[in-house]
Amino acid sequence: MNRELSIDKITSRPTLRLPDRATLIRMAIGAVVGGAGGAALFTPFWSGLLLGGLFGFGLACLIPGRALTPGSGLFWGLSFALLVWLVGPVGLGSLMKGAPHLGMLDMAHDHFSDLVGLLIYQGLPVGLTLGIANLWLKPVEAAEAGPPVSRYKFSLPRAVVVGSLAGLIGGWAFGSWMGQSAIFPALAAVFGSTSTTLGMLIHYLIAVVLGASFGLLFQSDIRGSGSSLSWGMSYGLLWWFLGAMTILPLLQGRPVDWSYQRGSMLFGSLVGHLIYGAVVGLVYAGLDKLWTGFFYESDPLRREPEGAGARTLREVGQGAVASLAGGLLFSLVMVATGVLPNVARIVGGTGPVTGFAVHVVISVLIGMSYGLFFGREAPDVGSSVLWGLCYGLSWWYIGPLTLFPILLGNPVAWNITAASLVLPSLVGHLIYGAATALLFRWLERRYLGWLKVDPKLASREARLRRPSGTAAPALWLFMLATGVLLPVLLG
């Protein structure tokens, strides 16, 4: 009888489930918002309305159970817009041209303005609107996406206060470069002034507002310092497209220029926005942990199996060991490009041997920070590699473009020329991040295997680990694709 029942279940036809009311509302919202953005972006009006409506409708169908917060919806929309650009104008466009001299890079140059337009007029409004709508629609598919990432309920004061403080500190990091580049008077020009002080005040006000908006958007999606760093850099990147390339020229009374030539001229601002986002993400994660520890974590049943100091030392040690694999692979790229003697100059030495020793020390330090930031972030091998790639990419902007000139006593040059000179090391940073993340995950899982002996600790660790079904794929796609593509495309 049991066998007959099992065969009956296997051979039974799947029932066709019609879209529920929430799904139909999401589809309608996506089509309306996407159509409005498409009509403003494309000409003629009716074709833009149709294309935009299809974009919004498609996004609503693809991510019903994953865009559960405004922040996650925002980056699902941006990632979908990026994919549409890569497949459409760049991919299919280059194939349809069929000219050997007009490759994909040339098509990307010619259609760079389409990328900015799709992000601002399609991905941003559609994704953000769907994320906000899902706060009330509560899609059925959310169960497939796993439990919420955050362990705590959303708190408006926590988001605004912590985000504002993080934005203020991030604004200081970005403002150090802006003061050298005489950009503060350009901000003051919006109000008809050339005062550096006024421009500085405007800059810090914007930094605080963006920091507060970061907390409002991503409080529910941030799990730890590593993910917060990545969310922050991606959010800063978005504001380069939205602020530096779009809103600022409009406020200054100048025409908006979305060409790749204009983007190349603003490459310094791009790096500044990324550094701002990185600082905001890290500071926000630290302050948010203090806030939740002070107000929420008072239950003695949530005790850690080890002390905070022991846990930190373990994660730092695992990161240091894992970095040896990434550092050795990275050194192969450095030998091939002949940059080891330049690395030796950091300590006043010369020669590749000294440079290799300095490189190993730096690799270990960065690996230690990876262990500290990305503990419990990766539920599987794929996510581990992608978090590592994001961290390696972030260190290409933080290291060769920012800290390395400072350590050598040189001014920071956030321009496309300096980026082109260190572009080969981008491959090394990505390899380093992926290899370090893989070995760290193996070490972390080996330790967690001991905890599974105790069912209570095993259950607790399962709750603390990031679930698989979150908005992290959208973050990975947007950050890695744009972070790698822009230095190549604008160079």
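Residues numbered from 1 in each chain as written. Predicted model: local features only at pLDDT ≥ 70, side-chain atom pairs only at ≥ 80, totals over all residues. Heavy atoms only, no water.

Enquirer: I tried to follow the packing of helix 2 (residues 21-41) against helix 6 (residues 112-137) on my own but got confused; where do I start?
Expert: Relative placement of two packed helices is described by the angle separating their axes and the distance separating the axes. Where helix 2 contacts helix 6, the axes come no closer than 9 Å and their chain directions differ by 160°. For the element pair helix 2 / helix 6, the angle class is roughly antiparallel. The element helix 2 and its partner helix 6 pack so that their crossing is right-handed. Across the interface between the two elements, Ala 22, Ile 25, Arg 26, Ile 29, Gly 30, Val 33, Gly 34, Gly 37, Gly 38, Ala 40 and Leu 41 from helix 2 touch Gly 117, Leu 118, Tyr 121, Gln 122, Pro 125, Val 126, Thr 129, Leu 130, Ala 133, Asn 134 and Leu 137 from helix 6. Here the residues of the contact of helix 2 with helix 6 are counted per class, giving 13 nonpolar, eight polar and one charged. (Axes fitted to C-alpha atoms, helices over the stretch in contact; angles between N-to-C directions. Helix = DSSP H or I, 4+ residues; strand = E, 2+ residues; numbered from the N terminus. Parallel < 35°, antiparallel > 145°, perpendicular 65-115°, else oblique. Left-handed = near helix turned anticlockwise from the far one by under 90°. Contact = heavy atoms within 4.5 Å. Nonpolar A, V, L, I, M, F, W, Y, C, P; charged D, E, K, R; others polar.)

Enquirer: I would appreciate a short explanation of the nonpolar core in the present structure.
Expert: A general feature of soluble globular proteins is that nonpolar side chains tend to end up buried together. The biggest cluster of nonpolar side chains holds 102 residues, and the ones touching the most others in it are Leu 74, Phe 112, Phe 218 and Trp 240. If you tally residues by element for this core, the top one is helix 10 (residues 225-251), at 11 residues. (Core = buried A, V, L, I, M, F, W, Y, C linked by side-chain atoms within 4.5 Å. Buried < 20%, exposed > 50% of the residue type's maximum accessible area, 1.4 Å probe, protein only.)

Enquirer: Just checking my understanding: could you explain the pattern of salt bridges for this structure?
Expert: It is possible for side chains bearing opposite charge to pair when their charged atoms get close. Scanning all chains against the criterion turns up one salt bridge. Residues Arg 158 and Asp 288 are paired through a salt bridge, measuring 2.5 Å at the closest nitrogen-oxygen approach. One end of the pair, Arg 158, is in helix 7 (residues 156-180); the other, Asp 288, is in helix 12 (residues 267-295), with 130 residues separating them in the sequence. Across the pair, Asp 288 and Arg 158 agree in class, each one buried. (Salt bridge = Lys/Arg side-chain N within 4 Å of Asp/Glu carboxyl O.)

Enquirer: Is there a simple way to explain the confidence of the model for the protein in this structure?
Expert: Do not read the fine detail of predicted coordinates wherever pLDDT is low. Residue-level pLDDT values for the protein average 84, and 83% of them are 70 or greater. Low confidence marks residues 140-147, where pLDDT is under 50. Its contacts with residues over four positions away, or in another chain, come to 13 contacts. (pLDDT = per-residue confidence, 0-100.)

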